[in-house]
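Report on the structure
Listed below, chain by chain, are the residues.
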Amino acid sequence: MSILPILTAPDPRLKAVSEPVSRVDDEIRKLVDDMLDSMYAEEGIGLAAIQIGVPKRVLVMDLAQKEGRRAPQAFINPRILWASDETTVVQEGCLSVPDIWEDVERPARITAEFLDRDGVLKTVDADGLLSTCLQHEMDHLNGVLFIDYLSKLKRSMALRKVQKARRLEAVS
Ligand code: NI
């Protein structure tokens with residue numbers, strides 16, 4: 001398992017549409033493990049493969065971290081089957097847009113299907129944080145970042161802040 005650097009906006013790779021996984025094999029399980037390591041290293045709760053530069057439809061998530069325990073989950077080739085008309089507004093952040101937190105409106109509940117790390121097809125009825133997080137991470141697979149939902153002004157302010165922070169990091 002290894003910790004890999006996480007791409008930050010406006011890296012063009014984050015705009016890529018990721019490819020479906022054709023077979024859940026040891027290579028994919030290694031990718032899942034590397035993604036979890038990389039996510040935990042940055043104290044994130046979710047990560048898409050493209051965020052470490054791998055354009056495959058693979059997500060990892062762990063929503064139990066705040067309670068001080070670990071419950072890692074992998075979602076391979078996830079697909080939304082149903083989304084509620086009811087929406088919810090949640091403040092989101094992203095490891096690829098560090099230190100930016102903004103409100104995003106999304107469907108409150110979704111039903112999704114995915115393959116788990118053993119390649120077993122599962123469905124999940126998600127609400128609350130799981131619903132928001134799944135939708136946020138699934139957006140990454142289509143090259144969409146949460147800041148893409150903001151006004152042009154807010155988005156360019158966010159991008160400027162991220163780039164400035166990275167320049168400071170580079171010289172320190
Ligand atoms: Ni993200």
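Here, the structure is the one placed above.
The structure reproduced in this document is the subject of the present report. Small disclaimer: the values here were computed from a predicted structure and weren't measured. (Residues numbered from 1 in each chain as written. Predicted model: local features only at pLDDT ≥ 70, side-chain atom pairs only at ≥ 80, totals over all residues. Heavy atoms only, no water.)

Quick look at the overall build of the chain
- From N to C terminus, the chain includes three helices and seven strands.
- Since a compact globule built from 172 residues should have a radius of gyration of about 16 Å, the 16 Å found for the chain is in line with a globular shape.
- Overall, the C-alpha framework of the chain stretches about 45 × 40 × 35 Å when taken along its three principal axes.
- Intrachain contacts of the chain at a sequence separation of at least 6 include 63% that bridge at least 24 residues.
- As displayed, the chain offers around 9500 Å² of accessible surface, 52% of which is attributable to carbon and sulfur atoms.
- The distance from the centre of the 23 positive side-chain charges to the centre of the 28 negative ones in the chain is 6 Å. (Helix = DSSP H or I, 4+ residues; strand = E, 2+ residues; numbered from the N terminus. Rg over C-alpha atoms; globule rule 2.2 N^0.38 Å. Contact = heavy atoms within 4.5 Å. Areas by Shrake-Rupley, 256 points an atom, 1.4 Å probe, with all protein chains shown as cover. Lys, Arg positive; Asp, Glu negative; His and termini not counted. Charge placed at Lys NZ, Arg CZ, Asp CG, Glu CD.)

Some thoughts on the sheet that holds strand 3 (residues 73–83)
- The five strands lie next to each other as 1-2-3-6-7, forming an open sheet whose pairing is antiparallel. Of all strands in the sheet, those bounded by a partner on one side alone are strand 1 (46–48) and strand 7 (121–126). Within the sheet, the average angular offset between the axes of one strand and its neighbour, ignoring direction, is 40°.
- Sheet analysis places strand 3 next to strand 6 (residues 110–115), joined by five bridges and oriented antiparallel. Note on strand 6: the bridge partner recorded for Ala 83 is Ile 110.
- Strand contacts of helix 1 (residues 26–41): strand 1, strand 2 (58–61) and strand 3, with the helix running at about 45° to strand 2, the strand carrying the most contacts.
- Each of strand 1, strand 2, strand 3, strand 6 and strand 7 is contacted by helix 2 (residues 128–141), which is oriented at about 150° to strand 2, the strand it contacts most. (Pairing = 2+ DSSP bridges. Axes fitted to C-alpha atoms, helices over the stretch in contact; angles between N-to-C directions.)

Considering the packing of aromatic side chains
- Taken as a whole and assessed by the stated rule, the structure comprises one aromatic pair.
- Directly above the ring of Tyr 40 sits Arg 70, whose terminal nitrogen or CZ lies 3.6 Å from the centroid. (Phe/Tyr/Trp six-rings, centres within 6.5 Å; stacked < 30°, edge-to-face > 60°. Lys NZ or Arg CZ within 6 Å of the ring centre and 35° of its normal.)

What about the nonpolar core?
- Counting residues in each nonpolar core, the largest one holds 18 residues, and the members touching the most others are Val 32, Met 35, Leu 47, Val 58, Val 60 and Ile 76.
- Elements supplying a minimum of two residues to this core: helix 1, strand 2 and strand 3.
- If you tally residues by element for this core, the top one is helix 1, at seven residues.
- Beyond its immediate sequence surroundings of up to four residues, Ile 76 is in contact with Val 21, Val 24, Ile 28, Arg 57, Val 58, Phe 114, Leu 115, Asp 116 and Arg 117. (Core = buried A, V, L, I, M, F, W, Y, C linked by side-chain atoms within 4.5 Å. Buried < 20%, exposed > 50% of the residue type's maximum accessible area, 1.4 Å probe, protein only.)

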